[in-house]
Number of protein chains: 2
Amino acid sequence: MKLLYQKIRISFILGISLFLCSCLGSKSISTDAIVLKKQGGFAVGGTVKESPGTFDPIEHGAFNPSNQSTEGQTLHGDHATVYYQIPVNANEFPLVFWHGYGQSMRTWQTTPDGREGFQSIFLRKDFPVYLLDQPRRGLSGRSTEPTRISPATDDQLWFGIFRLGLGNNFYPGVQFSKDPEALDQFYRQMTPDTGPLEIDVNIDAVSALFDKIGPSVLVTHSHSGGQGWLTALKNDNIKAIVSYEPGSNFVFPEGEVPEPMPYLGGELSARGVPMDEFNRQTEIPIIIYYGDYIPEEPVQNPGKEQWRVALAMARKWRDTVNKYGGDVTLVPLPEAGLKGNTHFPMSDLNNKKVAELMYSWLKEKGLTKK
Amino acid sequence: MKLLYQKIRISFILGISLFLCSCLGSKSISTDAIVLKKQGGFAVGGTVKESPGTFDPIEHGAFNPSNQSTEGQTLHGDHATVYYQIPVNANEFPLVFWHGYGQSMRTWQTTPDGREGFQSIFLRKDFPVYLLDQPRRGLSGRSTEPTRISPATDDQLWFGIFRLGLGNNFYPGVQFSKDPEALDQFYRQMTPDTGPLEIDVNIDAVSALFDKIGPSVLVTHSHSGGQGWLTALKNDNIKAIVSYEPGSNFVFPEGEVPEPMPYLGGELSARGVPMDEFNRQTEIPIIIYYGDYIPEEPVQNPGKEQWRVALAMARKWRDTVNKYGGDVTLVPLPEAGLKGNTHFPMSDLNNKKVAELMYSWLKEKGLTKK
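Quick look at the structure, then. (Residues numbered from 1 in each chain as written. Chains lettered and ligands numbered in written order. Predicted model: local features only at pLDDT ≥ 70, side-chain atom pairs only at ≥ 80, totals over all residues. Heavy atoms only, no water.)

## Section: the side chain of B:Gln109
Here is step 1 of the chain: Inspection of the secondary structure puts B:Gln109 in helix H2 (residues 106-109).
Here is step 2 of the chain: Taking relative accessible area as the criterion, B:Gln109 reaches 2% and is therefore assigned buried. (Helix = DSSP H or I, 4+ residues; strand = E, 2+ residues; numbered from the N terminus. Buried < 20%, exposed > 50% of the residue type's maximum accessible area, 1.4 Å probe, protein only.)

## Describing the nonpolar core
Here is step 1 of the chain: Core analysis: the biggest nonpolar cluster contains 195 residues, and A:Phe118, A:Phe122, B:Phe118 and B:Phe122 have the highest contact counts within it.
Here is step 2 of the chain: If near-sequence neighbours (up to four positions away) are discounted, B:Phe118 is found in contact with B:Phe97, B:Trp108, B:Tyr244, B:Met346, B:Asn351, B:Val354, B:Ala355 and B:Met358. (Core = buried A, V, L, I, M, F, W, Y, C linked by side-chain atoms within 4.5 Å. Contact = heavy atoms within 4.5 Å.)

## Here we look at the side chain of B:His76
Here is step 1 of the chain: On the secondary structure map, B:His76 appears in strand E4 (residues 74-77).
Here is step 2 of the chain: Of note is the side chain of B:His76, whose polar atom sits 2.7 Å from the side chain of A:Asp155.
Here is step 3 of the chain: B:His76 has contacts with A:Asp155, A:Asp184, A:Tyr187, A:Arg188, B:Thr47, B:Val48 and B:Arg142, leaving out every residue within four places of it along the chain. (Polar contact = N/O pair within 3.5 Å; in protein donor to acceptor, adjacent residues only side chain to side chain.)

## Details of the environment of A:Thr329
Residue and element names in this part refer to chain A.
Here is step 1 of the chain: Tracing the backbone through its elements, the reader meets threonine 329 in strand E18 (residues 327-332).
Here is step 2 of the chain: C-alpha of threonine 329 to C-alpha of aspartate 319: the two residues are ten residues apart in sequence and 9.5 Å apart in space.
Here is step 3 of the chain: Not counting residues within four places of it along the chain, the set of residues in contact with threonine 329 comprises Ile286, Ile287, Ile288 and Trp361.

## A short note on helix H6 (residues 199-213) of chain B
Here is step 1 of the chain: Taking 1.5 Å per residue, 15 residues should reach 21 Å; H6(B) reaches 21 Å between its end C-alpha atoms and fits that length.
Here is step 2 of the chain: Downstream of H6(B) by one or two residues, B:Gly214 has phi in the positive range, about 85 degrees. (Expected span 1.5 Å × (residues − 1).)

## Thoughts on unusual backbone geometry
Here is step 1 of the chain: In this structure, A:Tyr293 takes a positive phi of about 65 degrees despite not being glycine.
Here is step 2 of the chain: Within the element layout of this structure, A:Tyr293 appears in the loop between strand E17 (285-290) and helix H9 (302-323).
Here is step 3 of the chain: If you check the backbone angles, B:Glu245 has positive phi at about 55 degrees while not being a glycine.
Here is step 4 of the chain: Judged by its relative accessible area of 0%, B:Glu245 falls in the buried class.

## Some remarks on the environment of A:Lys323
Here is step 1 of the chain: In this fold, A:Lys323 is placed in helix H9.
Here is step 2 of the chain: Taking C-alpha positions, A:Lys323 is 9.1 Å from A:Thr282, a pair spaced 41 residues apart along the chain.

## Details of the interface of chain B and chain A
Interfaces are often sized by the amount of accessible area the parts lose when they come together.
Here is step 1 of the chain: The interface is formed by 102 residues belonging to chain B together with 102 residues belonging to chain A.
Here is step 2 of the chain: When chain B packs against chain A, close to 8500 Å² is buried across both sides, 56% of that on carbon and sulfur atoms.
Here is step 3 of the chain: Three residues stand out in chain B for area buried against chain A, namely B:Leu139, B:Thr153 and B:Arg188, and they jointly supply 10% of the buried area on that side.
Here is step 4 of the chain: Viewed at the interface, chain A and chain B are joined by four salt bridges.
Here is step 5 of the chain: For the salt bridge of A:Asp155 with B:Arg142, the shortest nitrogen-to-oxygen distance reads 3.6 Å.
Here is step 6 of the chain: Linking chain B to chain A there are 44 residue pairs in polar contact (both at pLDDT 80 or more).
Here is step 7 of the chain: Examining the composition of the side of chain B that touches chain A, we find that nine residues originate from one element, strand E2 (residues 34-44) of chain B, more than from any other.
Here is step 8 of the chain: Bridge analysis of strand E8 (residues 147-149) of chain A against strand E8 (residues 147-149) of chain B gives three bridges, and the strand direction is antiparallel. Looking at the pairing, A:Thr147 lines up with B:Ile149 of E8(B). (Buried area = accessible area lost by both parts, 1.4 Å probe. Salt bridge = Lys/Arg side-chain N within 4 Å of Asp/Glu carboxyl O. Pairing = 2+ DSSP bridges.)

## What about the relation of the copies chain B and chain A?
Here is step 1 of the chain: Expressed as a screw operation, the relation of chain B to chain A combines 0.0 Å of axial shift with a rotation of 180 degrees, fitting to an RMSD of 0.0 Å. Within this description, the copies of the chain are treated as partners about a two-fold rotation axis.
Here is step 2 of the chain: Taken together, the interface assignments show that 100% of the residues at the interface of chain B recur at the interface of chain A, consistent with an identical surface on both copies. (Least-squares fit on C-alpha atoms with pLDDT ≥ 70 in both.)

## Considering empty space enclosed by the protein
Here is step 1 of the chain: Evaluated as defined, the whole model comprises two cavities of 30 Å³ or more.
Here is step 2 of the chain: Counted as a void, the largest cavity has a volume near 50 Å³.
Here is step 3 of the chain: Forming the boundary of the largest cavity are A:Phe55, A:Pro57, A:Gly61, B:Gln156, B:Leu157, B:Gly160, B:Ile161, B:Leu166, B:Gly167, B:Asn301, B:Pro302 and B:Gly303.
Here is step 4 of the chain: Sorting the residues of the lining of the largest cavity by element identifies helix H4 (155-161) and helix H9 (302-323) of chain B as the ones contributing at least two each.
Here is step 5 of the chain: Ranked by residue count, the leading element in the lining of the largest cavity is H4(B), at four residues. (1 Å grid on protein atoms, 1.4 Å probe; cavity = no way out; pocket = protein on both sides within 12 Å on 5 of 7 lines; lining within 4 Å. Points joined across faces, edges and corners; volume = space filled by probe spheres on them.)

Written out as structure tokens, the structure reads:
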């Protein structure tokens, strides 16, 4: 009898709970859902080109290639395009994700084998997430300058440079699915430049994004690594940088720029800037991650060689920034216990562990607060 | 004393409610949130090109333009790229959104003045939403064929063709924000083709998407309108079509193709196919919407003229499909009480009302079921 009474009482409380949930203008949802307050897209930065003269919309207003005129018309181009998602009960500092060479915001959306990308992983950790396509790439295709796109059969070149393996053979233990569909998806993430690749155009647009959204954390990958340091030099709203496998454009004080580093197939140089500009890099916490298969000594493998010198240059840069009071951490992932990572740790098979490392660091630096 | 006791009791029940919500693995959220079970991106369709020979990853494995070789390498291209979001407690039939000429998935993500696009509006109505960039556009930039991109100052041409107004002057009563930032954003949605625009390549990729995701509703805009009819001819998983301002490629039975329709600046032709192919269009419900500022008689305004003949052709097409047992509805939005719409009703100021019309039709056709 007492048990029955307790059961009724529990049912009553459960019922009241559900009733209250619906009355209070809320709904009860599974904790593994992604709950967004808002999402959308916008362009930021860019320029406007204008042709002299007067546009005649009657004479030249039809889409007729044989009777076009640019007179008196404008062209809006060279902007970045941003896709953002704001979770409910969001953290204070958003994450801005910037892709690498030949890539787009797809880098962060999903993994080649169809699991969640950093976009969703960090939304679940309550970060507002901004994914961007830099000017003249992907959704930001509208350039003010012309270009020729000449697609070439070069998948295997990237297979090597992105350190999945050599030729068509995966490295042993690589954190990449052996399902052929995953590699097919990976290759299809590539997307060409729709205008000349100009670092200053990219930096201007991304800096305009930070002006618009305020203090945030920049997350870079590969080619955006160097562009990220340069953007931070000019924008105080970049409160921290997480950089996956930065490859170039490390910024040293003038007079302390290391000698160019030769490697099989190329040479890596660094940049010099006046000390007061350089110092900006000492004012924010920065962490750099590199994956696996990066040798310490020269090897007969160009795909590995490029990253051997990048890692060596990154170490010199870390030491220089820290010497002047900076807070740069450099983590080769194998040293943190994560083996088999390619040039794309954010979408490798162990990307959740890679994300946990990043999250711990953000937390340590006070960047996860509400 | 009794009141105090009641207060404690209510507090107790509220507390228990919240406690149970969290214990039951759920959280209580505001009803105006977007609640996603899953989201991500993938490529679909496309081809693989292969160069004869053998790739030497040591000799040609560095990113060195002066020493490249395509020998033995592949190129994955000509796919569509899809960004999908699946809400919790989703409807049975997803919506697949296909952009128009010079556009990308941005069309559906937000409005130029920063409000929610159809992506979020229909997620809130529990539809799984798939946004796509057709091959050689936006995130699907990797083409197997080369092209030259020659950006021209042509914003005002599109201002007219997209029926915002004439020259630089908005039409009176147009459903477009007069904030200059909105027009700036609108122009920056444009993005060029990264390879030759080939309708068959596009149809193949979008058809592959429907093969992958199963029975769904196709939502088209402008240039994808005609491509949508052609895709439906070959894929039975297209269960219905909603088409905003289709402009070309209306498909008639051979022998019943209307005469080409001349207009100021061009001429609109239709396509003829064998009757058994044509008939596929009679098997699914279809609705077509056109906006405002479309004249019934020829006018000295090329931007309006193009749509005058598109609307006239759409009426002939509706009558022909319905004559053979089809279910095509054609709605000029002004006749439904919505005035001032441009060529982009999905992102005009009254886009929520435009969405409500579409939703009512989907409901009427049994396409909103869980």
